Amino acid sequence: MSTERRTHYGLGDIEIGETGKKIGFYIAISLLVLISFFPIIWMFITSLKPPTEAVRFPVTYIPETITLQNYRTALEQRPFGRYLFNSFVVASGTAIIDVFLGALAGYALSRLRFRFKLPVLLIILFSAMLPFISRLIPLFRLARELMLLNDYLGLILPYAAFQLPFAVWIMQAYFKELPDSIEEAGLMDGLTRLGVLFRIILPISAPAMATAAIIVFIYAWNEFLFALTFMTEEQMKTITVGIALYGGQYSFPWGTISAAVVMSVIPLLLFMLIFQRKVVEGLTAGFGKA
Amino acid sequence: MGELELRNLTKVFGGGGGDESGDDDGDGIVAVSDLSIEMADGEFLVLVGPSGCGKSTTLRCIAGLEHTTDGRISLDGRDITDLKPKERDMAMVFQNYALYPHMTVRKNIGYGLSITTDLSSSEVDDRVEEIAELLEIPELLDKKPKELSGGQQQRVALGRAIVREPEVFLMDEPLSNLDAKLRTQMRTEIQQLQADLGTSTVYVTHDQTEAMTMGDRIAILDGGELQQVGTPLECYHEPANAFVAGFIGSPSMNFLPVEFTGDELRHKAFSYDLSADLQEHLRNAPRELTLGIRPEHIEIAEDGARNVVHAPIEVIEPMGELSYLHLTIGGTTYTASIDGDRHHQVGEAVDVLFPEAKIHLFARDGGEAVKNSRDAAAPATDESATVATD
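The structure displayed is predicted, hence computed values, not measured ones.

1. Focus on the overall build of chain B
Right, on to step 1. Each helix and strand counted, chain B has 9 helices and 22 strands in total.
Right, on to step 2. C-alpha extents for chain B along the principal axes are approximately 80 × 45 × 35 Å.
Right, on to step 3. The proportion of buried residues among the 390 residues of chain B is 44%.

Spelled out as structure tokens, the structure:
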């Protein structure tokens, strides 16, 4: 009897211990999420407040009056849809170019045999470390000469160039992990090197492509300085620049800006969700039991 | 037809000879050196040797996945040395199966066919189904590789090779990822399949049992150099050198350093009188020799027998039908394989004898065989051999 009892208490202790661990884990996770999401939550709350409440001190954490006026103003005051579209074109174009070129360069660097491979990789990485601002003026002059100001390509090309090193590194690191034999099987089956890359390697590299695409897309979506300098026409401005223009010389409509920011974040969140699922899918499972 | 010939094949890594894949590790590593092998149509040739002996590199050179540094490879008299893998009419089965994870089994098997031939998709499909029937995997056709077990993946990999009806199958340790039971089963199946199809096959393994049981002939490599090519029994009974003798056969052959004095072999623990025939055979043999005796050829001497070595038992490994005795002779441990019904104790000393017909002798310097168990000069019985313990 006593043994049974002790066992019972023992099990109870284990259960409590396990539950406690789980609760602790979720509290910790929730805290982390709260901290990183606080700016977004705060913007969302602010976007629902009337202008007078938004700047009131002490601040109200829960709006006394909830209004959608800020959203209406944001959409009416400026061509918000157009800004979003521009950002989408620029960010998508950048992501497509970088994933494509990153895959080609990454494949060559991870698989083909040539001299000075490591120095090439290091130079690629080093190029990403050059001060961002130092490239602005020369590139502005270049874009002006090539008539690329107020043109999507004017932003897509420099963005793609800045982010290509990351794409190359992500892709080559992923390709290195793939077993050689899968490519060799493709070669034996009658494919060329490029055939192997496009028909075998890329289809199973969705996780790497998604990761590269997410990083590049977010960068291009959030970039401000080049977008401000290169796109001067109202119809060509991207969302980051557009939001900054809601502020006037003497006024700063926090509610409207917050509403615009919230609306600009939604496509990004959707994009993340779609690609994240791709990453988790783990298409590489099933390479055999090596 | 699938007559394959390798002539003076040499492969050096990092010595300027580029290859199709991989990083360039190290400088001038000779992976395969001056290898020449001829293979008849329909033959099952096994390349065997320890890790790093060059067997996989040889196979990859035959496949076209590595460029040769020197030498020629020809198939049915056609020089294929510089052809691309797809132009060689060969199919390969890889160690880790290398199935395409994003394709179904049906697509995996038929992929090569749809690329290299102009068959319609329904014809490819018919062929794939035929092969699936042959390999008894029709129910797997619409599954993805990750849903299959190791054995099933192996069958798909075989199917992918068979479906193209190549002149030569190349198999790179295809069974080494399977568990012991499945390996034995697949071994038989591959043998049957190869015999039915009659396709020339080059099979690489490091497992000497696989080599012995599967190959029509086996080629033993070490350090990139060919040691011997022959039927499994030739390599077992007439090893060209001490390396082959030690590699083929399980447990490995015992090697005892001896000194040849003209009429006897002298070991620090015993001396071994030679028959007149063997003395004559060894007339020009070097003084420093290695005596080789396979564990299964060591016999327990009956009472009063003349040819005995007195050896204490260190460890006994009962295997059922057989028992392995680890015996100490002259401070070194050797293995004897005896009838499993015999009872012995650890620490007990037994009298064993090495029948003269079964002993091998190798030059200590270089390792070449100077006497093998099947040599005609060696007497058929061991009556004339005398072993006396010190």
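What follows picks up the thread again.
2. A closer look at the overall build of chain A
Right, on to step 1. The helix and strand inventory of chain A stands at 13 helices and 0 strands.
Right, on to step 2. Shown N-terminal to C-terminal, the secondary structure of chain A runs as helices and strands in the order α-α-α-α-α-α-α-α-α-α-α-α-α.
Right, on to step 3. Scaling as 2.2 N^0.38, a compact globule of 290 residues should have a C-alpha radius of gyration of about 19 Å, whereas chain A reaches 26 Å, well beyond that.
Right, on to step 4. In terms of its C-alpha atoms, chain A occupies a principal-axis envelope of roughly 85 × 70 × 30 Å.
Right, on to step 5. A buried classification covers 32% of the 290 residues belonging to chain A.
Right, on to step 6. In chain A, 77% of the contacts between residues at least 6 apart in sequence involve partners at least 24 apart.

3. As for the sheet that holds strand β10 (residues 225-230) of chain B
Residue and element names in this part refer to chain B.
Right, on to step 1. Spatially, the 6 strands line up as an open sheet ordered β6-β7-β8-β3-β9-β10, and their pairing is mixed. On the outer flanks of this sheet lie β6 (90-93) and β10, each paired with one strand and no other. The sheet shows a mean angle of 15° between the axes of neighbouring strands, taken without regard to direction.
Right, on to step 2. Direction of pairing for strand β7 (residues 168-172) relative to strand β8 (residues 200-205): parallel, over a ladder of 5 bridges. Bridge pairing links Met171 to Tyr203 in β8.

4. A short note on the domain arrangement of chain A
Residue and element names in this part refer to chain A.
Right, on to step 1. Structurally, chain A comprises domain 1 (2-47) and domain 2 (72-281).
Right, on to step 2. Each of domain 1 and domain 2 has a C-alpha centre, and these two points are 37 Å apart.
Right, on to step 3. With 5 residues of domain 1 at the contact, the number on the domain 2 side is 7 residues.
Right, on to step 4. Classifying every residue of the side of domain 1 that touches domain 2 gives 3 nonpolar, 2 polar and no charged.

5. Description of the sheet that holds strand β15 (residues 299-300) of chain B
Working definition: the strands of a sheet are paired by backbone hydrogen bonds and lie parallel or antiparallel to each other.
Residues and elements named next belong to chain B.
Right, on to step 1. Taken together, 5 strands build an open sheet; the order of strands is β15-β19-β16-β17-β18 and the sheet is antiparallel. Each of the sheet's edge strands pairs with one partner strand only, and the pair in question is β15 and β18 (332-339).
Right, on to step 2. Here strand β17 (residues 322-329) runs beside β18; their pairing, made up of 8 bridges, is antiparallel. Residue pairing across strands places Thr328 opposite Thr333, the latter belonging to β18.

Definitions and limits used
Residues numbered from 1 in each chain as written. Chains lettered and ligands numbered in written order. Predicted model: local features only at pLDDT ≥ 70, side-chain atom pairs only at ≥ 80, totals over all residues. Helix = DSSP H or I, 4+ residues; strand = E, 2+ residues; numbered from the N terminus. Buried ≥ 20, exposed ≤ 12 C-beta atoms within 10 Å, placed from the backbone. Rg over C-alpha atoms; globule rule 2.2 N^0.38 Å. Contact = placed C-beta atoms within 7 Å. Pairing = 2+ DSSP bridges. Axes fitted to C-alpha atoms, helices over the stretch in contact; angles between N-to-C directions. Domains from an automatic or database assignment. Nonpolar A, V, L, I, M, F, W, Y, C, P; charged D, E, K, R; others polar.

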